Amino acid sequence: MVPEGRPDGAGAGEESARLQAAGSVRKGCDLLANSRHGCLQSRRAQIHQQINRELRMRTGAENLYRATSNARVRETVALELSYVNSSLQLLKEELEGLDGNVDADQPQSEGITVPMIPLGLKETKQLDWATPLKELISGHFGEDSASYEAEIRELEDLRQATRTPSRSEAGLELLTAYYNQLCFQEARFVTPARSLGLLFHWYDSLTGVPAQQRALAFEKGSVLFNIGALHTQIGARQDRSCPEGTSSAVEAFQRAAGAFSLLRENFSHAPSPDMSPASLSMLEQLMTAQAQECVFEGLSLQAPVAPPDCLAQLRLAQEAAQVAAEYRLAHQTMAQPPVQDYVPFPWTTLVHVKAEYFRALAHYHAALALCDGAPVAEAELPALEQIFLGLPASSEPRGPALPQEQEERRKLGKAHLKRAILGQEEALRLHAVCRALRRVDLLQVVLAQALQRSLAKYSELDLEDDFCEAAEAPDVRPKTQRRPEGRPPSFSRVKVADIFHRLGPLSVFSAKNRWRLAGPIHVARGEGGFGFTLRGDAPVLIAAVVPGGRAAAAGLKEGDYIVSVNGQPCRWWKHADVVAQLKGVGDEAVSLQVLTPLQPGGGAEAPGSGDRRPAPWGLLRSQEECAWETPGPAQASPRPLLGWSRKAKRGKTGRRLSPAPQP
């Protein structure tokens, strides 16, 4: 197509100017639209450069830590590793926020909430599964290891993905899926006398010091630790200015406490400080306290604003006192050796600040109940005395009765406000001591606002002619309507299939059992059939061999497992499938490959009992069984893993005896 000619002159100049102006406008719009994206990309590049620099520093410090035997040098290097580990966690959290575009996609919180303490994930190095697994597959299972390269690659890719999980439910599902796969691999490839020969390398979450073990239980424990840590990060990111956000945060912190409790109960030999029983107890208590704080925030959102309800304010006072009690207990666990040596100082200070803040908040709500609340009915007086004096409902008062006159209530409320002001000033002082907390502007805003509210209320109650000093206000009795308990991770929620299910049912085809493969064995049909009887499913067992028959002559024995029929793998076949295949050969001979156990029992399952997996060793010693669903035949899609439980329910199974097909 030939372009049309444009006349020269003024008209052409105006048209050219108009096109240039339109192009400038479009260019300006593009720059405006891409400015934010460009800033994000630039910041991502800077963070990646900083992460690479920190990783190089960590590698050098780790090599020095392993090479030296000088105690002072190792202590200095361990301190440097803790700094590097903290920097890496902060950088990765910032990168995660940029990748998720949190500021742009999520609504900003309308309220101001106290920040929470999230736990960083344990980091690990890349692991080569191929060498030990191929040796086991070829040496013990008698299979061609080259044909299992896809399965090995799938396991390696899954582990690689768990090194950087997203801070969301998808990341939790990824870690849980890998944990469930580790249960499969432990049941199939690990024996009490021999490990996989892999060296699992993980960095401590609190100190950054490297730790390594050859036990697969260390890998499982580290993954379980990261499941709990990821729950803390999800809980800390919730918008707690709305009821839905507080509920989600409570659930997340409960799950984190349950994960740490499960790890503490079942993992006794800790190779790193963050997985020691003392550290796990501290983390469990910390997450319980944070969950209790979210419960208080949820109740605060439901509390009536006006007119003030006396009983509602008193319940909030008790809830705040309960939060303060939980944080005091968490602070005590952090201050005990050896935990105090490796818990970050900002954590300890923040927990102490929260204990003072919520104790002051309890007195503040008590003062509101006394000064602004409506007169209390006589029937509600025992409940009030129980809250303030800490007395059981049926006991006689052991101290001064609660005042009923307005003036006396004002004086007692003023005393509670005085304790609230002192506690809030102490919280601000502790906040100012820690340099790391001074950079958390949001926390300072919360503390300052609380102090201003208390001072304003105190000025309202402070009369010019009030020269009598109020008595000391009693402590508010801690009590909660909902005490959050730790909830262990729901492994059964994420269903996975055994990656190496082609090797056969775990009841027989595992490293714990010894056998000999024989075949192909050619068995011709005689007048009475093949001369053997079948029993059970997956794999089918030769229950009996007719003496002098064709099967006995071919070398088949009672107790052999049929693993191949005419070249077709049948380790997952049902009893009826094998019988149908034998009937289909007609008068021709059948070629069988069988497996003969080399020791009594051989780990073989009871006939027709399905696939019974042994319980995992090491990490889950108290776990009686893992409840897996039995995978289907190799050519069908395998059934997924259900997870583990304290007791697996088993239905009653009966024996099925079937003779070989007759001619």
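Treat the numbers as computed from the prediction; the structure is a model and nothing was measured.

Enquirer: What am I meant to see in unusual backbone geometry here?
Expert: Across residues other than glycine, the phi torsion is negative in most instances, and most of the peptide bonds are trans. Between P337 and the following residue, P338, the backbone shows a cis peptide bond with an omega angle of 0 degrees. Looking at the secondary structure, you find P338 in the loop between helix 10 (310-334) and helix 11 (345-371). With an omega of 0 degrees, the peptide bond between A538 and P539 qualifies as cis. Residue placement: P539 occurs in the loop between strand 4 (532-535) and strand 5 (540-545).

Enquirer: Please clarify how the pattern of salt bridges should be interpreted in this entry.
Expert: Where charged atoms of side chains with opposite charge meet at close range, the side chains can pair. As enumerated under the stated definition, the model contains 18 salt bridges in all. Among the salt bridges present, the one from K122 reaches D274, with a minimum N-O distance of 3.0 Å. Placement of the pair is K122 in the loop between helix 3 (102-105) and helix 4 (130-139) and D274 in the loop between helix 8 (243-266) and helix 9 (277-302), with a sequence separation of 152 residues. For the pair K122 and D274, one class covers both residues: buried. Between K354 and E293 there is a salt bridge, with the nearest N and O atoms lying 3.0 Å from each other. In this pair, K354 is assigned in helix 11 and E293 in helix 9, connecting sequence segments 61 residues apart. With respect to burial, K354 and E293 carry one shared label: buried. If you follow the salt bridges from partner to partner, you end up with E251, R255 and R487 in one network.

Enquirer: When you look at the packing of helix 4 against helix 5 (residues 149-162) in this model, what are you seeing that I'm missing?
Expert: To characterise two packed helices, one gives the angle between the axes of the helices and the distance between these axes. Helix 5 packs onto helix 4 with a crossing angle of 145 degrees between their chain directions and a minimal axis gap of 11 Å. In this structure, helix 4 crosses over helix 5, and the sense of that crossing is right-handed. In contact with A130, L133 and K134 of helix 4, helix 5 contributes E149, I152, L155 and E156. Residues belonging to the contact of helix 4 with helix 5 are distributed by class as follows: 4 nonpolar, no polar and 3 charged.

Enquirer: I would appreciate a short explanation of the pairing of strand 8 (residues 590-597) in the present structure.
Expert: Regular strands place their side chains on alternate faces of the sheet. The element strand 8 is extensively covered by neighbouring structure, given that 6 of its 8 residues are classed as buried. Sheet topology places strand 3 (residues 515-523) next to strand 8; 7 bridges connect them, and they run antiparallel. Pairing of L517 across the sheet is with L595, part of strand 8.

Conventions adopted
- Residues numbered from 1 in each chain as written.
- Predicted model: local features only at pLDDT ≥ 70, side-chain atom pairs only at ≥ 80, totals over all residues.
- Heavy atoms only, no water.
- Helix = DSSP H or I, 4+ residues; strand = E, 2+ residues; numbered from the N terminus.
- Salt bridge = Lys/Arg side-chain N within 4 Å of Asp/Glu carboxyl O.
- Buried < 20%, exposed > 50% of the residue type's maximum accessible area, 1.4 Å probe, protein only.
- Axes fitted to C-alpha atoms, helices over the stretch in contact; angles between N-to-C directions.
- Left-handed = near helix turned anticlockwise from the far one by under 90°.
- Contact = heavy atoms within 4.5 Å.
- Nonpolar A, V, L, I, M, F, W, Y, C, P; charged D, E, K, R; others polar.
- Pairing = 2+ DSSP bridges.

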